[in-house]
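Structural characterization, general
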Amino acid sequence: MHRAFLHEAIRLSIEKSQAGEGGPFGAVIVRNDEIVGRGWNRVTSAKDPTAHAEIMAIRDACKNLDTFSLAGCHLYTSCEPCPMCLAAIYWARLDRVCYAATRHDAAAAGFDDRRIYEELAMDMDRRSIPMTQDLHDEACQAFRDWLKNPHRTPY
């Protein structure tokens, strides 16, 4: 059954990129053998660098299921997820990922994430985008308040 879902992700990647909606990437999220979310790359059409297929599928599934947790769901994607999408997959608590093309295949087509993987492996003070920290104590007040909030939803 999982090949049918992977075929749907690939179909979305081809159809939507040919329609000019973005790059050639598609994804579907499945729960109990039913597609609950679809996504395709919309980076250029939405003018949003985070509008990757996996992110869009996660957003669609969460909306359709009225939840922020996709535990119990599987992601089928036309290509190995990039670092941003991989992080979102963990935040969404997906149970499994099945992909078709690799990140090396994507790099050969001009979608190279190698620099991001290299940057993530570096200490912050060696990364190409400078990062500084300030107002630590003030910012931590939000966390102290959160821990005391009786209405918080743990995640």
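Every value quoted in this text rests on a predicted model; they were computed, and no experiment measured them. (Residues numbered from 1 in each chain as written. Predicted model: local features only at pLDDT ≥ 70, side-chain atom pairs only at ≥ 80, totals over all residues. Heavy atoms only, no water.)

1. Let's talk about the sheet that holds strand 2 (residues 34-40)
Defined as follows: A pair of strands is labelled paired if DSSP reports no fewer than 2 bridges between them. Strands here mean DSSP runs of E at least two residues long; helices mean DSSP runs of H or I at least four residues long; both are numbered from the N terminus. Angular values range over 0 to 180 degrees, each being the angle between N-to-C directions of two axes fitted as lines to C-alpha atoms, with helices fitted over their stretch in contact. Here, residues are in contact when the closest pair of their heavy atoms is within 4.5 Å.
Read from one edge to the other, the open sheet built from four strands follows the order 2-1-3-4, with strand pairing classed as mixed. With partners counted over all chains shown, the strands left at the sheet margins are strand 2 and strand 4 (96-101), one partner each. For this sheet, the mean angle separating the axes of adjacent strands, direction not counted, is 15°. Where strand 3 (residues 74-79) meets strand 4, five bridges bridge the pair, whose relative direction is parallel. Each residue of the ladder has a partner; that of Cys79, found in strand 4, is Ala101. Across the sheet, helix 1 (residues 2-18) is in contact with strand 1 (26-31), strand 2, strand 3 and strand 4; its angle to strand 1 comes to roughly 150°. Together, strand 1, strand 2 and strand 3 form the strand contacts of helix 3 (residues 53-65), whose direction differs from that of strand 2 by roughly 140°.

2. Re helix 3
Just so we agree on the cut-off: By definition here, a helix of n residues has an expected span of 1.5 Å times n minus one. Per-residue accessibility, obtained with a 1.4 Å probe over protein chains only, is compared with the maximum for each type, and a residue is labelled buried under 20%, exposed over 50%, and partly exposed between these values.
Between the first and last C-alpha of helix 3 there are 18 Å, a value that for 13 residues agrees with the 18 Å anticipated at 1.5 Å per step. Among the residues making up helix 3, those that are buried are Ala53, Glu54, Ile55, Met56, Ala57, Ile58, Ala61 and Cys62. In the core, the buried residues of helix 3 are packed alongside strand 1, strand 2, strand 3 and helix 4 (83-92). Asp66, located one to two residues past helix 3, shows a positive phi value of around 55°.

3. A closer look at unusual backbone geometry
Outside of glycine, negative phi angles account for most residues, and trans bonds account for most peptide bonds. Non-glycine residue Asn32 carries a positive phi angle of around 50°. Within the secondary structure, Asn32 sits in the loop between strand 1 and strand 2. With a phi angle near 55°, Asp66 is a residue other than glycine that sits in the positive phi range. Mapped onto the fold, Asp66 is located in the loop between helix 3 and strand 3. With a relative accessible area of 72%, Asp66 lands in the exposed category.

4. What to know about the pattern of salt bridges
Applicable threshold: A pairing counts as a salt bridge when a side-chain nitrogen of Lys or Arg comes within 4 Å of a carboxyl oxygen of Asp or Glu.
Counted according to the given criterion, the structure contains six salt bridges. One salt bridge in this structure joins Glu8 and Arg38, with 3.1 Å as the shortest N-O distance. Note that Glu8 is positioned in helix 1 and Arg38 in strand 2, a separation of 30 residues in sequence. One salt bridge in this structure joins Arg103 and Glu80, with 3.6 Å as the shortest N-O distance. Note that Arg103 is positioned in helix 5 (residues 103-108) and Glu80 in the loop between strand 3 and helix 4, a separation of 23 residues in sequence. Looking at Arg103, the relative accessible area reads 31%, which means it is partly exposed. Members of the salt-bridge network, linked through shared partners, are Glu8, Arg11, Glu15, Lys16 and Arg38.

5. Notes on the packing of aromatic side chains
For the record, the criterion: Any Phe, Tyr or Trp ring, taking Trp's six-membered ring, that has another such ring centre within 6.5 Å forms a pair; planes under 30 degrees apart are called stacked, those over 60 apart edge-to-face, and the others tilted.
The full count for this structure, using the stated rule, is three aromatic pairs. Note on Phe5 and Tyr76: the rings are 5.3 Å apart at their centroids and 45° apart in plane angle, and the pair reads as tilted. Linking Phe5 in helix 1 with Tyr76 in strand 3, this pair joins segments that are 71 residues apart in sequence. Take Phe5: its relative accessible area is 7%, and that puts it in the buried class.

6. A look at the nonpolar core
Keep this limit in mind: We call a set of buried residues a nonpolar core when its members are Ala, Val, Leu, Ile, Met, Phe, Trp, Tyr or Cys and they connect through side-chain atoms within 4.5 Å of each other.
If you look at the biggest cluster of nonpolar residues, it comprises 21 residues, and the most contacted ones within it are Ile29, Ile58, Leu70, Leu75 and Leu94. Contributions of two or more residues to this core are made by strand 1, helix 3, strand 3 and helix 4. Here this core takes six residues from helix 3, the largest share from any one element. Setting aside anything within four residues of it in sequence, one finds Leu94 in contact with Ile29, Ile58, Leu70, Cys73, His74, Leu75 and Ile89. Of all hydrophobic cores here, the second largest spans eight residues; its members include Leu12, Val28, Val30 and Tyr76.

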